[in-house]
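Observations on the three-dimensional arrangement
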Amino acid sequence: SWQVRNASERGAAEEVAKILVAKTIEIKARAGGEGKLFGSVTTHEIADAIQEQAGVELNRRMIDLDEPIRSLGIHAVTVKPHHDVQFPVSISVVSA
């Protein structure tokens, strides 16, 4: 039934949350003076970095950026792998 399938997906989403909340995902970006990036970090880059560093495959549409990441440092992004599950993930943007 739909409910059982939904519950298992929610369980998987909660497992993903446990893995990712404990990690800081590092992304290298080109930056100029005062730590400003040339361009911004995309949800696609974040999804790729999460897959590479945490072994978790996310659809980039599950990653919610309040505003574009345009500077070095730690940024929190919201990940929503399931409509009942959302959590913050720390993204550390470092100079490439």
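For the structure itself, consult the block above.
This text gives an overview of the structure that appears in the document.

Rules of the game
- Residues numbered from 1 in each chain as written.
- Predicted model: local features only at pLDDT ≥ 70, side-chain atom pairs only at ≥ 80, totals over all residues.
- Heavy atoms only, no water.
- Salt bridge = Lys/Arg side-chain N within 4 Å of Asp/Glu carboxyl O.
- Helix = DSSP H or I, 4+ residues; strand = E, 2+ residues; numbered from the N terminus.
- Buried < 20%, exposed > 50% of the residue type's maximum accessible area, 1.4 Å probe, protein only.
- Pairing = 2+ DSSP bridges.
- Expected span 1.5 Å × (residues − 1).
- Arc of directions from axis to C-beta.
- Contact = heavy atoms within 4.5 Å.
- Axes fitted to C-alpha atoms, helices over the stretch in contact; angles between N-to-C directions.

**Let's talk about the pattern of salt bridges**
Side-chain pairs of opposite charge can arise whenever the charged atoms involved come near each other. Throughout the structure, instances matching the rule amount to 5 salt bridges. Lys80 serves as the salt-bridge partner of Asp64, at 3.3 Å between the closest nitrogen and oxygen. Separated by 16 residues along the polypeptide, Asp64 in strand 3 (residues 63-64) and Lys80 in strand 5 (residues 73-82) bring together distant segments of the chain. A residue is classified by how much of its surface remains accessible, and Asp64, at 31% relative accessible area, is partly exposed. For Lys80, a relative accessible area of 37% gives the class partly exposed.

**Some remarks on the pairing of strand 1 (residues 24-29)**
Residues Ile25, Ile27 and Ala29 of strand 1 are buried on one face, while the alternating residues Thr24, Glu26 and Lys28, pointing to the opposite face, are not. Taken together, the 6 bridges between strand 1 and strand 6 (residues 85-95) define a ladder with parallel strand orientation. Residue pairing across strands places Ile25 opposite Ile91, the latter belonging to strand 6.

**A word on helix 2 (residues 43-54)**
The terminal C-alpha atoms of helix 2 lie 16 Å apart, and with 12 residues this matches the ideal 16 Å at 1.5 Å per residue to within 8%. Residues Thr43, Ile46, Ala47, Ala49, Ile50 and Ala54 constitute the buried set of helix 2. Taken end-on, helix 2 shows its buried residues confined to a sector of 165°, consistent with a single buried face. Backbone geometry just downstream of helix 2 places Gly55 in the positive-phi region, at approximately 70°.

**Let's talk about the sheet that holds strand 5**
The strand order across the open sheet built from 4 strands is 1-6-5-3, with neighbouring strands paired in mixed fashion. Unpaired on one side and paired on the other, strand 1 and strand 3 mark the two borders of the sheet. Sheet topology note: the strand 3/strand 5 ladder contains 2 bridges and is antiparallel. Bridged to Ile63 within strand 5 is Val79. Helix 2 contacts strand 1, strand 3, strand 5 and strand 6 of the sheet and is inclined by roughly 125° relative to strand 1.

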